[in-house]
Amino acid sequence: ELKEIVFVIQSQSNSFHSKRAEDLKRDILKQAADLGKEFPTVLLIHQMDRHEGAWTILPLMRDFSVTYGRNSSWIFFCEEDTRIQVVKLLEILERFDRSKEWFLGKALYDEESTIIHHYAFAENPTVFKFPDFAAGWALSIPLVNTLAKKLKSEPLKSDFTIDLKHEIALYIWQKGEGPHLTPVPEFCTDDVNSYKVDYCATTFSNFLPLCGEPVKKDDIFVAVKTCRKFHGDRIPVVKQTWEREAALIEYYSDYADMSIPTIDLGIPNTDRGHCGKTFAILERFLNHTSPRTPWLVIVDDDTLISIFRLRKLLSCYDPNEPVFLGERYGYGLGTGGYSYITGGGGMVFSRIAVQKLLASKCRCYSMDAPDDMVLGMCFSGLGIPVTHSPLFHQARPMDYPKDYLSHQIPVSFHKHWNIDPVKVYFAWLAPNTEESRNGKKVGYNREDL
């Protein structure tokens, strides 16, 4: 029965995201009404956020078990852009014995163990499957109850949440004692217009959000963090690739080099975190740029970014809200920690977010503290949630499953390690690459990168 499915939408409190999640909720309930079925429960994660870590899902298992453990059969998780054919989904779930422990989804796997993943399967990473959240994934209630019991006696150990889909699958697998992911071919990430759509219970909108005109070039101030030792190899890459897309850009270093030019903020370079430098950049943005420039982007000198796509994406965000946007990680979320935007993929701030941050007394506990984590801690203390976008990437394209990137129009990648960063930029991020369709790639072949 439809009423035995609990739908959980991975929603966020930012107004753009919460509206999309509400639209999906309405669509699910309308399909139920059209079928003449009793309504299922539809939950939005950001509304359940009694603790900062609700988005990591596992901390919610005990609540799910207590509230839905008796009268429900399945918890079905999806993203705000997942589209669901409710009738199809019901047919698929009926194939599985709901009295058993099931973990269902569209399977992703690593070609090789990379920096963003655990090394549990370093010998042969392809054997371990984890779900593509965009296609939706499901847990049977017996498995939810088992996980809830386990979490009660054995709280989550890992301090960091870096790649949630992999970490959840690893936790459920329990070193071989729990279930593996069972692949469900009808959980799809094909676009709604795909020829496969009649076969799929879920589809995914794989477009770059655009809400009106892209923001103007002059509305984005770009700050590049660098240091003297990287002036010769990393800065030329920025200049050959995405610098031309940025109208307002400054390079901040520990040495003033007029040929670039770089600005010496008077803060020595540190080997570890760059908190002192980042806060100096925030102060400079507030005090030395036009108050009419609503957006600040801080990137590393080895970040590859599409400002062209970012301008489209930012058309969906209200610069009058405190926005802190990028790829979300978590620290200590099982024990009341905080979420943060990982710096390598690029951190985007609305001016109002910077104003609120600097008006507070929250600052670096040391100059070489990790800047992205301190910012997360500060914004958490201010009650300003980070806003996650999966289009920002802390690693290189080859560090992600091909199937995962196939339904994205990415905004950034990070690191020049073992790649030709110029080729990667032109294959993945240059303005003309999203015109490529039907597998005809513009520029370089992504498969080779």
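Residues numbered from 1 in each chain as written. Predicted model: local features only at pLDDT ≥ 70, side-chain atom pairs only at ≥ 80, totals over all residues. Heavy atoms only, no water.

**Student:** Teacher, can you tell me more about the sheet that holds strand β10 (residues 182-183) here?
**Tutor:** The strands that make up a sheet pair up through hydrogen bonds in the backbone, lying either parallel or antiparallel. In spatial order, the strands read β2-β1-β3-β8-β5-β10; together these six strands make up an open sheet with mixed pairing. Of all the strands in the sheet, the pair left with one neighbour each is β2 (41-44) and β10. Bridging between strand β3 (residues 74-79) and strand β8 (residues 137-140) involves four bridges; their strand directions are antiparallel. Residue pairing across strands places I75 opposite L139, the latter belonging to β8. In the packing of helix α4 (residues 141-153) onto the sheet, the strands contacted are β3, β5 (103-105) and β8, and the crossing angle to β8 comes to about 75°. (Pairing = 2+ DSSP bridges. Helix = DSSP H or I, 4+ residues; strand = E, 2+ residues; numbered from the N terminus. Contact = heavy atoms within 4.5 Å. Axes fitted to C-alpha atoms, helices over the stretch in contact; angles between N-to-C directions.)

**Student:** Quick question: what am I supposed to make of helix α1 (residues 15-35) here?
**Tutor:** The end-to-end C-alpha distance of α1, which contains 21 residues, comes to 30 Å, matching closely the 30 Å that a straight helix rising 1.5 Å per residue would cover. Taken together, the buried positions of α1 are F16, H17, S18, R20, A21, L24, I28 and A32. Buried residues belonging to α1 abut β1 (5-10), β2, β3, β4 (82-84), α3 (86-93) and β21 (387-388). Note on α1: the residue one or two positions beyond its end, G36, has a positive phi of about 70°. (Expected span 1.5 Å × (residues − 1). Buried < 20%, exposed > 50% of the residue type's maximum accessible area, 1.4 Å probe, protein only.)

**Student:** Looking at this model, I keep getting lost on the state of the cysteines. Mind explaining?
**Tutor:** Put plainly, two cysteines are in a disulfide when a covalent bond ties their sulfur atoms together. Using the criterion set out here, one finds four disulfides in the structure. Shown here is the disulfide that connects C211 with C316, its sulfur atoms set 2.1 Å apart. In this structure the cystine formed by C211 and C316 twists about its S-S bond by roughly 90°; its chirality is therefore right-handed. Of this pair, C211 sits in the loop between β11 (202-204) and β12 (220-225) while C316 sits in the loop between α8 (307-314) and β17 (324-326), and the two are 105 residues apart along the sequence. Taking relative accessible area as the criterion, C211 reaches 37% and is therefore assigned partly exposed. (Disulfide = S-S within 2.5 Å.)

**Student:** What should I look at first to understand the sheet that holds strand β9 (residues 160-161) in this one?
**Tutor:** Spatially, the three strands line up as an open sheet ordered β9-β18-β19, and their pairing is antiparallel. Taken across any chain shown, the strands that pair with only one partner, and hence form the sheet edges, are β9 and β19 (338-341). The strands touched by helix α10 (residues 371-381) are β9, β18 (328-331) and β19; relative to β19, the strand with the most contacts, the crossing angle is about 130°.

**Student:** Explain the packing of aromatic side chains to me, please; I cannot follow it from the model alone.
**Tutor:** The relative placement of two aromatic rings is captured by the distance of their centres and the angle of their planes. If you walk through the whole model with that rule in mind, you get 25 aromatic pairs. Taking 6.1 Å as the distance between ring centres and 50° as the angle between the ring planes, the aromatic pair formed by F221 and F285 counts as tilted. A residue pair is termed long-range when its members are at least 10 positions apart, and F221 in strand β12 and F285 in helix α7 (residues 275-288) qualify at 64 residues. Relative accessible area serves as the criterion here: at 7%, F221 is assigned to the buried category. (Phe/Tyr/Trp six-rings, centres within 6.5 Å; stacked < 30°, edge-to-face > 60°.)

**Student:** Honestly, the UniProt feature "domain: Fringe-like glycosyltransferase" (unreviewed entry) in the chain in this entry has me stumped. Any pointers?
**Tutor:** In the UniProt entry, the feature "domain: Fringe-like glycosyltransferase" (unreviewed entry) is given for residues 66-150 and 214-423. Note that residues 66-150 is 25% helix and 24% strand, and that its end C-alpha atoms are spaced 14 Å apart. Secondary structure within residues 214-423 divides into 26% helix and 21% strand; the distance between the first and last C-alpha atoms comes to 26 Å. (UniProt positions renumbered as here; feature names shortened; annotations may be inferred.)

**Student:** Mind showing me how you'd approach helix α2 (residues 61-68) here?
**Tutor:** In an α-helix there are 3.6 residues to a turn, and that puts residues three or four apart on one side. Listed in full, the buried residues belonging to α2 are M61, F64, S65 and Y68. Angular distribution of buried residues about the axis of α2 spans 105°; they occupy a single face of the element. Every exposed residue of α2 that faces more than 90 degrees away from the buried side is listed here: V66 and T67. Looking at the buried side of α2, the elements it contacts are β1, β2, β3, β8 and α4. (Arc of directions from axis to C-beta.)

**Student:** So what exactly am I meant to see when it comes to the nonpolar core here?
**Tutor:** The nonpolar side chains of a soluble globular protein tend to be buried with one another. In terms of nonpolar packing, the biggest core is built from 87 residues, with M61, F64, L139 and L310 touching the most fellow members. If you tally residues by element for this core, the top one is helix α5 (residues 164-173), at seven residues. Split by domain, the residues of this core number at least three in each of domain 1 (2-204) and domain 2 (217-438). Once residues lying within four places of it in the same chain are set aside, the contact partners of M61 are F77, L139, V144, L147, A148 and L151. Formed by 26 residues, the second largest nonpolar core is a distinct cluster that contains I28, V42, W74 and F76. (Core = buried A, V, L, I, M, F, W, Y, C linked by side-chain atoms within 4.5 Å. Domains from an automatic or database assignment.)

**Student:** Help me out: how do you make sense of the domain arrangement of the chain in this one?
**Tutor:** Accessible area lost on assembly of the parts is the figure often given for the size of an interface. Split into domains, the chain comes out as domain 1 (2-204) and domain 2 (217-438). Each of domain 1 and domain 2 was reduced to a C-alpha centroid, and the two centroids are 30 Å apart. Of the residues lining the interface, 28 residues belong to domain 1; the matching set on domain 2 comes to 30 residues. In total, domain 1 and domain 2 occlude about 2600 Å² of area from one another, counting both sides; carbon and sulfur atoms represent 55% of this. When the buried area of domain 1 at its contact with domain 2 is split by residue, Q12, E52 and W55 rank highest and sum to 21% of it. (Buried area = accessible area lost by both parts, 1.4 Å probe.)

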